[in-house]
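Inside the fold
The chain contents come next:
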Amino acid sequence: YLATSLSMQQARRKLGKTLFSLFEGGVFADGGLLVYGGQSQCMPVELLLDINEESTKITAHSYEGQVYKYSMLVYEKEQRENLLSRLKAKPYQVFYKPPLITVVHKEAGKKKGVLHICKVLAFPLEQVLIVGNSQKDWETMSALHVESRPPACFLPFPRIEKQIKLLYINLK
């Protein structure tokens, strides 16, 4: 299973068809969409009708007709600040790394999603390994702390293909 801040479509495109097909599902958009065991759980984000800035490119990421993530590219600083202040008044989680603003459901979370999938599919936590490549992954990796082994594996590589190849080599 894959846990990522990317939408499912973005993850499929970034990994490519061959690598993406190795995963049976996952936690997408920081927990906005869970896909596992032939099921899905979407945490919808309400329509952002009041955002129509000229220089803002908005992408709605959806699954089976429900939007679970918005990505907004806002290149002008003043417009970004205005948009961020309006979004703070809404019941969302907002992630910001200029010029990108992403919005997901306020209850979404990678850690929650991973724990939910493990529980539903009866995966013992001591048999689960989480591999991360950024500081944002530490919270998710901490979900699996078991005294008999380290909680997770941190691979500081910029490309996921290298991470998967290294993980595959180490698990042989």
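Sequence order as written defines the numbering, with residues in each chain counted from 1. Owing to the predicted nature of the model, reporting of local features is limited to residues with pLDDT of at least 70; listing and counting of side-chain atom pairs is limited to 80 or more, with chain, interface and lining totals taken over all residues. Only hydrogens and water are set aside; all other atoms, that is, all heavy atoms of the structure, feed into the side-chain values.

Re the packing of aromatic side chains
Heads up, the condition is: Centre distance within 6.5 Å is the pairing criterion for rings of Phe, Tyr and Trp, where only the six-membered ring of Trp is used; planes under 30 degrees apart are then read as stacked, over 60 as edge-to-face, and the remainder as tilted. Whether a residue is buried, partly exposed or exposed follows from its accessible area with a 1.4 Å probe, protein chains only, as a fraction of its type maximum: under 20%, in between, or over 50%, in that order.
Applying the stated criterion to the full structure yields two aromatic pairs. Each ring, one from F20 and one from F28, has its centre 6.3 Å from the other, and the planes form 40°; the classification is tilted. Assigned by exposure class, F20 and F28 land together as buried.

Let's talk about helix α3 (residues 110-120)
Stated formally: Only DSSP runs of H or I with at least four residues qualify as helices, and only runs of E with at least two residues qualify as strands; both kinds are numbered from the N terminus onward. To obtain the arc, one takes the directions from the helix axis to the C-beta atoms. Two residues qualify as a contact provided that any one of their heavy atoms is within 4.5 Å of a heavy atom in the partner residue.
Listed as buried for α3 are K110, G113, V114, I117 and C118. Seen from one end, α3 has its buried residues packed into an arc of 130°, which puts them on one side. Tucked inside the fold, the buried residues of α3 contact β1 (2-3), β2 (26-28), β3 (33-36) and α4 (138-142). A positive phi of about 55° marks A122, the residue just after α3.

Regarding the sheet that holds strand β4 (residues 39-42)
Note the cut-off: Strand pairing is assigned whenever DSSP identifies at least 2 bridges connecting the two strands. What counts as an axis is a line fitted to C-alpha atoms, over the stretch in contact for a helix, and the angles between N-to-C directions run from 0 to 180 degrees.
As summarised here, the arrangement of the four strands in space is β1-β2-β3-β4, forming an open sheet in which the pairing is mixed. Looking at the sheet topology across the chains shown, the edges are occupied by β1 and β4. In this sheet, β2 lies alongside β1 in parallel orientation, the contact comprising two bridges. Paired with A3 across the two strands is V27, which belongs to β2. Across the sheet, α3 lies against β1, β2, β3 and β4, angled at about 25° from β3, the strand it touches most.

Some thoughts on helix α1 (residues 8-20)
An α-helical segment advances 3.6 residues per turn. Residues three or four places apart therefore align on the same side. Inclusion rule: Expected helix span is computed as 1.5 Å times (number of residues minus one). Bend, at a single residue, is the angle you get between axes fitted to the 7 residues ending at that residue and the 7 residues starting at it.
Given a rise of 1.5 Å per residue, 13 residues ought to cover 18 Å, yet the end C-alpha atoms of α1 are separated by just 10 Å, more than 12% below that figure. The largest bend along α1 reaches roughly 75° and is located at K14. Of the residues making up α1, those classed as buried are M8, A11, L15, L19 and F20.

Side note on the nonpolar core
Which entries qualify depends on this criterion: The criterion is simple. A nonpolar core is a set of buried Ala, Val, Leu, Ile, Met, Phe, Trp, Tyr and Cys residues joined through side-chain atoms within 4.5 Å.
By size, the foremost hydrophobic cluster in this structure holds 15 residues, and its most contacted members are L2, M8, F20, F28, L33 and Y68. Those elements giving two or more residues to this core turn out to be α1 and β3. Looking at this core element by element, the count peaks at five residues for α1.

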